Amino acid sequence: MMLKVKNLKTIFKVKQKIIRAVDDVSFVVPKNRFIGLVGESGSGKSVTALSILNLLPNNGYIESGSIFWDGKNISSMNSKEIRDVRGADIALIFQNPLDSLNPVFTIGDQMIETIRLHSKVDKKQARDQTIALLKKVNIPDPDIRLHDYPHQFSMGMCQRIMIALTVSMKPRLLIADEPTASLDVTIQAQMLRLLEQLQHEYQMSILLISHDLGIIAQYCDYILVMYLGRIVEKGSPEDIFSKPLHPYTQALISAIPVPDPKKGKPEILLTGDMPGVANLPSGCRFHPRCLKSMPECSKSEPILKSNGRSEVACFLY
Ligand SMILES: Nc1ncnc2c1ncn2[C@@H]1O[C@H](COP(=O)(O)OP(=O)(O)OP(=O)(O)O)[C@@H](O)[C@H]1O
Ligand code: SF4
Ligand SMILES: [Mg+2]
């Protein structure tokens, strides 16, 4: 087990109010696995990632819970210790590659520098590794393009360069927060295949965050479904797709466009908008939108229960 998040509760203080963005979330990321975290906008996916890496904004706090990395409790580390973990073991990639690439240095300089920071190699070896990595992420003529600056590449290329740069740190866990949301569908698929390939090749784990269950199911080997700060269902893509248990997961699946519209599928639509975590509904937080809601659902909150294969938090089971 590499990463273990246990009963994580993350809050924000806004004026006099407390916002419970992540509310009792537990999951593990084992070695060499591709885990997907899916949920609508505002469900707490990014806050979960930022909590793991101690990158919360000033008004955000981990109220309780723990985060273990290789058996060490990283939620109690000081900022220097966590910086070491962040650099060497866990890397985060964001949606916008320009947040990670420095505009004033050539991409070759940035990558060679990064590689030399993370392994004991000389300049020539670091340069060779840079070229190999750029080739791997499909940058044509890497030995020439190495001398170019980020703005001389297209957005899709910058995205791939950022991945190469991140992988050059040899992380053991890569947290990718909506890495492809701004890309067109073809490039999106290329990027995810690239991540999948690198995951195998470099024997790392990936935690992929997305609001798109279709994407998550295609690439991940385990899925966490999040709703309003809680994980409501966990399981393998097979379980989640062939037997989604939580009404929210069922609705997410019915919202995935089908390639062949004639084939059809049962339509379970999500009614209404997701309320914010600032105004949490009572009981099961999904009950105002749930088509199967029962009287007890507005009174108390269901917790995750295992059925031997997957886990679900819903009074129907
Ligand atoms: N700095 C902050 N101050 C107050 N509330 C915040 C802050 N950052 C996030 N939140 C709230 O925490 C909740 C979870 O936000 P988060 O960014 O994790 O959602 P998300 O699942 O990543 O959504 P998206 O798909 O849009 O990226 C939201 O209600 C958001 O408004
Ligand atoms: S607990 Fe009730 S409201 Fe919540 S998802 Fe299950 S049936 Fe729907
Ligand atoms: Mg987010």
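Fair warning: this is a prediction, and the values are worked out from it, not measured in the lab.

## So, the site of ligand 2
Taken together, 14 residues surround ligand 2, and among them Cys284, His287, Cys290, Cys297 and Cys314 come closest. When the residues that make up the shell around ligand 2 are grouped by side-chain class, the tally is ten nonpolar, three polar and one charged.

## Section: the sheet that holds strand β1 (residues 3–14)
Spatially, β2-β1-β4-β5 is the arrangement adopted by the four strands of the open sheet, whose pairing is antiparallel. In this open sheet, the two edge strands, each paired with only one partner strand, are β2 (17–29) and β5 (72–73). Bridging between strand β4 (residues 60–69) and β5 involves two bridges; their strand directions are antiparallel. Each bridged residue has a counterpart across the sheet, and for Phe68 the counterpart in β5 is Asn73. Helix-sheet contacts for helix α1 (residues 45–52) involve β1, β2 and β4, and the interaxial angle to β2 is about 70 degrees.

## Concerning the domain arrangement of the chain
Taken domain by domain, the chain holds domain 1 (3–89 + 171–312) and domain 2 (105–168). A C-alpha centroid distance of 31 Å is found between domain 1 and domain 2. With ten residues of domain 1 at the contact, the number on the domain 2 side is eight residues. When the residues that make up the side of domain 1 that touches domain 2 are grouped by side-chain class, the tally is ten nonpolar, no polar and no charged.

## Things to note about the environment of Ile74
Its place among the elements puts Ile74 in the loop between β5 and α2 (79–88). Between the C-alpha atoms of Ile74 and Leu53, which are 21 residues apart in sequence, the distance is 8.4 Å. Excluding anything up to four places from it in sequence, Ile74 contacts Ile67, Phe68, Trp69, Ile82 and Val85.

## Brief notes about the sheet that holds strand β9 (residues 222–227)
The strand order across the open sheet formed by eight strands is β6-β7-β8-β3-β9-β10-β12-β11, and the pairing between neighbours is mixed. This sheet does not close on itself; its edge strands, each paired only once, are β6 (90–93) and β11 (305–306). The pairing of β6 with strand β7 (residues 173–177) spans four bridges and is classified as parallel. What sits directly across from Ile90, in β7, is Leu173.

What counts, and where the lines are drawn
Residues numbered from 1 in each chain as written. Chains lettered and ligands numbered in written order. Predicted model: local features only at pLDDT ≥ 70, side-chain atom pairs only at ≥ 80, totals over all residues. Near = placed C-beta within 6 Å. Nonpolar A, V, L, I, M, F, W, Y, C, P; charged D, E, K, R; others polar. Pairing = 2+ DSSP bridges. Helix = DSSP H or I, 4+ residues; strand = E, 2+ residues; numbered from the N terminus. Contact = placed C-beta atoms within 7 Å. Axes fitted to C-alpha atoms, helices over the stretch in contact; angles between N-to-C directions. Domains from an automatic or database assignment.

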